[in-house]
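Summary of structural features
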Amino acid sequence: DINWLKKLPEDESKILIFGNNNSYGDASIPLENQTINIENLNRDMYYLSPLVNLDKYMYENKNMLYGIPGKNNVTLGGAVASDVHGKDGIWGGSFIENINEVSLILPNGDKVICSENKNKELFEATCGGYGLTGAIVGLKLKQSPLIYSSNYQVISKKGHGLNKLLSSFPESENQYAVAWVDLLSESYKWVIEISQPITSMSKKEIFKEHTSKELNISVPFIGDNKFKSMKRINSTYFYLKNNKEKVKKFKDTFYPLGFFSNTKNIVKNRKIIQIQFSIAEEYETKLSELLELLIHKQNPILCSIKRISTKKKRLNLSFVQNGWTVAVDFPEINFDHTSVRKFYIKLIEMEGKIYLAKDSTLLPSEFKEMYTQYEEWKKVVKKADPLNIFQSKMSYRLDLKKW
C-alpha cells in the first residue's frame, strides 16, 4: 500500500520500488528486501503507469521511443530510473529524451510533479537516479517523430581491429547499430549490424506486440571455454556472417538475445558479471588498451559496443556521455575482483564511467572518482529523502546515501 510511506519514518524501514528486476547487479534490490506494491494505486488517469513494459506502451500508443534497451520486458519506471540506452545512441540519446513529466511520491508521502521546467533538479536526479529519490508513480512521454515498423532492413559488416570497427558506425537518424567483438581473438574480430525501418507496409502490419520467453537451461562448459568451445563458437559466428542485406522483425532487431548471446545460458549456475562502461569520444583510440586491462586474468564470453550521446549534461547518475559504451560478460564463478581494479584506475584516468544498472563490483572510492557530479546529486537527493528511506543494495554498497 502506497500509504505505508506515511508510516516509514516511524520504524526507519528501508525500501525500494522496482520493476521487472532486469538489472544484472544490485541496483534493483531493496536494502532490507522491502518494497511497496504500487500496482493497485489509484493513479491520475493522465499519467502512464511505471509498471507498463516499454514494448506494450509502444504497441498500444503507436509511439516509437528513444533508447530502447535489449530486453523486451523493461518497465517504463525502470527505464527512467536507469536512464536506459539503445542502438540509436549517436542520434537518439538515452531514455530521458522521451520524458515530459514524472509523478513522484517523496518518502514523506508528498506527491511532486517534475520535468525540465518544473522541479528540474529533482527531475534530473530521478531520471538516472535508480529509484533513490522516491516512488515513480506516473509518467508522461513525448510523442516522438521516429518511425515504428515491424520490419527492419539489416546489413551486417565484419572486420578486424577496433579502429576499423568504430569508423564503421553510422551517424544517420533512424539507423540503429550494435557491434559484437571477439575478445578471444588477438585481432579483435568484429561484426556490426546496422538496421533501419521499412515503412512500405500497412499500419495493421506495422503495429504488433512482441513477446518472448527466456530459456532457463545452462551449458557451462561453453562459457568456461573448455576445449576452446567459446573460441570455436565465436569463429563460427564470424565466418557465417556476410555483408548481405536481410529483413528482420522488430523483436529480432531490438531484442536480439538468443541462446548463446544470453550469456546466463552458458555459465555455471547461470551467474554472470557484466562490466559495462562508457568513454568519451576523445578517448576512443585508447579503447584497445582499456579492453586489454579489463580482460587480463579474466574469461570474457561476450562483448558488445554501441555509440552513445547525450544532448546536455544532467545532474544524475547516468553513465551516458558523448562517446562509446562497451559491455563485457564474464562467468561469475572465476571473476578476478583484484585484476579489475587496475582497469578501473585507467578508466577513471580517461573520465570513463561504469553503468550502475549492471554493476556489482565498484568500490565507493572508485564510484566517487568516476561520478564527479555526485556531491551535487547528493544534495538534491538528501533534500528529497532526509531520513534515507529509499535504499538499494547498490546505494548502500557505494555509500550513495550516507547521511
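Up top is the structure these notes are about.
Residues numbered from 1 in each chain as written. Predicted model: local features only at pLDDT ≥ 70, side-chain atom pairs only at ≥ 80, totals over all residues. Heavy atoms only, no water.

**So, the overall build of the protein chain**
Stated formally: By definition, any uninterrupted DSSP run of H or I lasting at least four residues is a helix, any uninterrupted run of E lasting at least two residues is a strand, and each is numbered from the N terminus. As a reference, a globule follows 2.2 Å times the number of residues to the power 0.38, and the radius of gyration itself is taken over C-alpha atoms. For every residue, the accessible area obtained with a 1.4 Å probe (protein chains only) is divided by the maximum for its type, and the residue is called buried under 20%, exposed over 50%, and partly exposed between those limits. Note on definitions: a residue-residue contact is assigned when non-hydrogen atoms from the two residues lie within 4.5 Å. Here, Shrake-Rupley sampling with a 1.4 Å probe gives the accessible areas, and only protein chains in the shown set may cover a residue.
Per the secondary structure count, the protein chain includes 15 helices and eleven strands. What you see for the protein chain is a C-alpha radius of gyration of 21 Å, in line with the 22 Å of a compact globule of 403 residues. Here the C-alpha coordinates of the protein chain stretch approximately 60 × 55 × 40 Å along the principal axes. Sorting the 403 residues of the protein chain into buried and exposed places 56% on the buried side. When contacts within the protein chain are restricted to residue pairs at least 6 apart in sequence, long-range pairs at least 24 apart make up 75% of them. When the accessible surface of the protein chain is summed, it comes to about 18100 Å², and 49% of that surface belongs to carbon and sulfur atoms.

**Digging into the environment of Gly 323**
Residue placement: Gly 323 occurs in strand 10 (residues 323–331). Judged by relative accessible area, Gly 323 falls into the buried class, the value being 0%. With 209 residues separating them along the chain, Gly 323 and Cys 114 place their C-alpha atoms 28 Å apart. Residues in contact with Gly 323, not counting those within four places in the same chain, are Ile 279, Ala 280, Glu 281, Arg 307 and Ile 308.

**Looking at the sheet that holds strand 5 (residues 176–181)**
Rules: Pairing between strands requires that DSSP locate at least two bridges from one strand to the other. Axis angles are defined between N-to-C directions and span 0 to 180 degrees, where every axis is a line fitted to C-alpha atoms and, for a helix, only to the segment in contact.
The eight strands lie next to each other as 7-4-6-5-9-10-8-11, forming an open sheet whose pairing is antiparallel. Sheet topology places strand 7 (245–249) and strand 11 (353–354) at the edges, where each strand pairs with a single neighbour. Two strands pair when backbone bridges link them, and strand 9 (residues 302–308) and strand 10 are joined in this way by seven bridges, in the antiparallel orientation. Across the sheet, residue Leu 302 finds its bridge partner in strand 10, namely Asp 329. Sheet strands in contact with helix 11 (residues 287–295) are strand 8 (272–280), strand 9 and strand 10, and its direction is about 160° off that of strand 8. Helix 12 (residues 339–349) rests against strand 8 and strand 11 of the sheet, and its axis sits at about 20° to strand 8.

**Examining the state of the cysteines**
Heads up, the condition is: Note that a disulfide, as used here, is simply two cysteine sulfur atoms within 2.5 Å.
Tallied over the full model, the rule gives zero disulfides. Looking at the unpaired Cys 114, the closest cysteine sulfur is the one in Cys 127, lying at 6.9 Å.

**Examining the pattern of salt bridges**
Proximity of charged atoms lets side chains of opposite charge pair with each other. Rule in force here: By convention in these notes, a salt bridge is any Lys or Arg side-chain nitrogen within 4 Å of a carboxyl oxygen on Asp or Glu.
Applying the stated criterion to the full structure yields 20 salt bridges. A salt bridge links Glu 97 to Arg 314; its shortest N-O distance comes to 3.5 Å. Taken as a pair, Glu 97 in the loop between helix 4 (89–92) and strand 1 (99–105) and Arg 314 in the loop between strand 9 and strand 10 lie far apart in primary sequence, 217 residues in all. Where Lys 346 meets Glu 349, a salt bridge forms, and the shortest distance between an N and an O atom there is 3.1 Å. You can see Lys 346 and its partner Glu 349 sitting in helix 12, three residues apart, about one turn around the helix. For Glu 349, a relative accessible area of 49% gives the class partly exposed.

**Re the sheet that holds strand 1**
The strand order 2-1-3 describes an open sheet built from three strands, whose pairing is antiparallel. In the strand order of this sheet, the two ends are held by strand 2 (111–114) and strand 3 (135–141), each with one partner. Neighbour-to-neighbour, the strand axes of this sheet turn through a mean angle of 20°, independent of strand direction. In this structure, strand 1 lies alongside strand 3, joined through six bridges in antiparallel fashion. Residue pairing across strands places Val 102 opposite Leu 139, the latter belonging to strand 3.

**Thoughts on the packing of aromatic side chains**
Rule in force here: Stacked, edge-to-face and tilted labels apply to pairs of Phe, Tyr and Trp rings (six-membered ring for Trp) whose centres lie within 6.5 Å, assigned for plane angles under 30 degrees, over 60, and everything in between, in that order. For a ring to carry a charge above it, either NZ of a lysine or CZ of an arginine must fall within 6 Å of the ring centroid while also lying within 35 degrees of the normal to the ring plane.
On inspection of all chains with the given rule, the structure shows 18 aromatic pairs. For the pair Tyr 66 and Trp 91, a centre-to-centre distance of 6.4 Å together with 70° between the ring planes defines the contact as edge-to-face. Placement of Tyr 66 in the loop between helix 2 (54–61) and helix 3 (76–82) and of Trp 91 in helix 4 is noted, with a sequence separation of 25 residues between them. For Tyr 66, a relative accessible area of 13% corresponds to the buried category. Through a chain of ring-to-ring contacts, the aromatic side chains of Tyr 66, Trp 91, Tyr 148, Tyr 152, Tyr 176, Phe 250, Phe 254 and Tyr 255 assemble into a single cluster. A cation over an aromatic ring shows up here: Lys 62 above the ring of Tyr 59, its NZ or CZ 4.9 Å from the ring centre. The lysine or arginine in question, Lys 311, covers the ring of Tyr 66, its NZ or CZ lying 5.5 Å from the ring centre.

**Points about helix 11**
The condition that has to hold: What the arc covers is the set of directions going from the helix axis to the C-beta atoms.
Regarding helix 11, the residues found buried are Leu 287, Leu 290, Leu 291, Leu 294 and Ile 295. The arc that holds every buried residue of helix 11, seen down its axis, measures 120°, which confines them to one face. Tucked inside the fold, the buried residues of helix 11 contact helix 6 (162–166), strand 8, strand 9, strand 10 and helix 12. Positioned one or two residues after helix 11, Lys 297 has a phi angle of 65°, which is positive.

**Regarding the pairing of strand 1**
Of all the seven residues making up strand 1, six are buried; the element is thus mostly covered by neighbouring parts of the structure. Here four bridges tie strand 1 to strand 2, and the two strands are oriented antiparallel to one another. Residue pairing across strands places Leu 104 opposite Val 112, the latter belonging to strand 2. Where strand 1 folds back onto strand 2 in an antiparallel hairpin, the turn is made up of five residues, including Gly 109, whose phi is positive at roughly 95°.

**Here we look at empty space enclosed by the protein**
This is how the line gets drawn: Here a cavity denotes a set of grid points, spaced 1 Å apart and computed over the protein atoms alone, in which a 1.4 Å probe fits but from which it cannot get out, and a pocket denotes an open set meeting protein on both sides within 12 Å along at least five of seven lines; residues with an atom within 4 Å of a point are reported as lining. Grid points are joined across faces, edges and corners, and a volume is the space filled by probe spheres set on the points. Amino acid classes used here: Ala, Val, Leu, Ile, Met, Phe, Trp, Tyr, Cys and Pro are nonpolar; Asp, Glu, Lys and Arg are charged; the rest, including Gly, are polar.
If you walk through the whole model with that rule in mind, you get three cavities of 30 Å³ or more. Contributing to the lining of the largest cavity are Trp 180, Val 181, Asp 182, Leu 183, Leu 184, Asn 234, Pro 300, Ile 301, Leu 302 and Cys 303. Class assignment for the residues of the lining of the largest cavity results in eight nonpolar, one polar and one charged.

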